[in-house]
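# Inside the fold
In case you want the letters, here they are:
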Amino acid sequence: MNDLQGRIGGLTVGYDLHAEWDGTRLRGRIGGRIQGKDLDLGLRGGDVDGRVGGTFAGFDVDGDVTPDRVAVRLGGRVEGDDVALTRRGDRIEGRFSGRVMGKDVSLHCGGNRLHGRIGGAVEGKDVALALPEGLPPLLAALAATCAYKVLEDDQASAAASTSATS
């Protein structure tokens, strides 16, 4: 199996994540064919870069992924989110989008699975992914965080358009 696959969020409010790992690139899709975004992350020597979404609707991914830490920026310098994750044993924990307005990341990596929660007990989303052999768990955690961001952005956009038409 060379596919990262699973779900971020629940059955009704969530996105599937399917991506193929070739040893240096993780490419796939967050969400479905119509609603969702492409995922393309490259990892070389601890440096990760790539894009989620298309040329216009999406965000850049740039930073560092080592065996025990992630320090990445999603988006640009002004409008973007930081991801800071640390791996201790089978636990991956950290923050997405800052200390004050950000969200907790609490994941468990065991065998060929990554599961846990991004966000919190009330407003967060579940993570349940099957990992391909050879994919660094922290890169999978970064992909899950990217999927969480896509889901949150799409939910905020839908809520804004609903309130604008009311």
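Just above sits the structure.
So, a few notes on the structure that sits alongside this text. (Residues numbered from 1 in each chain as written. Predicted model: local features only at pLDDT ≥ 70, side-chain atom pairs only at ≥ 80, totals over all residues. Heavy atoms only, no water.)

A few words on the sheet that holds strand β11 (residues 113-119). In space, the twelve strands of this closed barrel follow the order β1-β2-β3-β4-β5-β6-β7-β8-β9-β10-β11-β12, with antiparallel pairing throughout. Pairs of neighbouring strands in the sheet enclose a mean axial angle of 15°, with direction left out of account. In this structure, β11 lies alongside strand β12 (residues 125-130), joined through six bridges in antiparallel fashion. Each residue of the ladder has a partner; that of Leu114, found in β12, is Leu129. (Pairing = 2+ DSSP bridges. Helix = DSSP H or I, 4+ residues; strand = E, 2+ residues; numbered from the N terminus. Axes fitted to C-alpha atoms, helices over the stretch in contact; angles between N-to-C directions.)

The subject of this paragraph is a negative patch on the surface. A surface patch of like charges, here negative, comprises Asp47, Asp49, Asp62 and Asp64. Among the secondary structure elements, those contributing two or more residues to the negative patch are β5 (47-53) and β6 (58-65). Inspection of the secondary structure puts Asp62 in strand β6. Residue Asp62 is classed as partly exposed on the basis of its relative accessible area of 47%. (Patch = residues over 30% accessible without salt bridge, like charges linked within 9 Å, V, L, I, M, F, W, Y side chains within 5 Å. Areas by Shrake-Rupley, 256 points an atom, 1.4 Å probe, with all protein chains shown as cover. Salt bridge = Lys/Arg side-chain N within 4 Å of Asp/Glu carboxyl O. Lys, Arg positive; Asp, Glu negative; His and termini not counted. Charge placed at Lys NZ, Arg CZ, Asp CG, Glu CD. Buried < 20%, exposed > 50% of the residue type's maximum accessible area, 1.4 Å probe, protein only.)

Of all hydrophobic cores here, the largest spans 44 residues; its most connected members are Leu4, Leu26 and Leu142. In contact with Leu4, not counting residues within four places along its chain, are Leu17, His18, Ala19, Leu26, Leu129, Ala130, Leu131, Pro132, Leu135, Ala140 and Ala143. (Core = buried A, V, L, I, M, F, W, Y, C linked by side-chain atoms within 4.5 Å. Contact = heavy atoms within 4.5 Å.)

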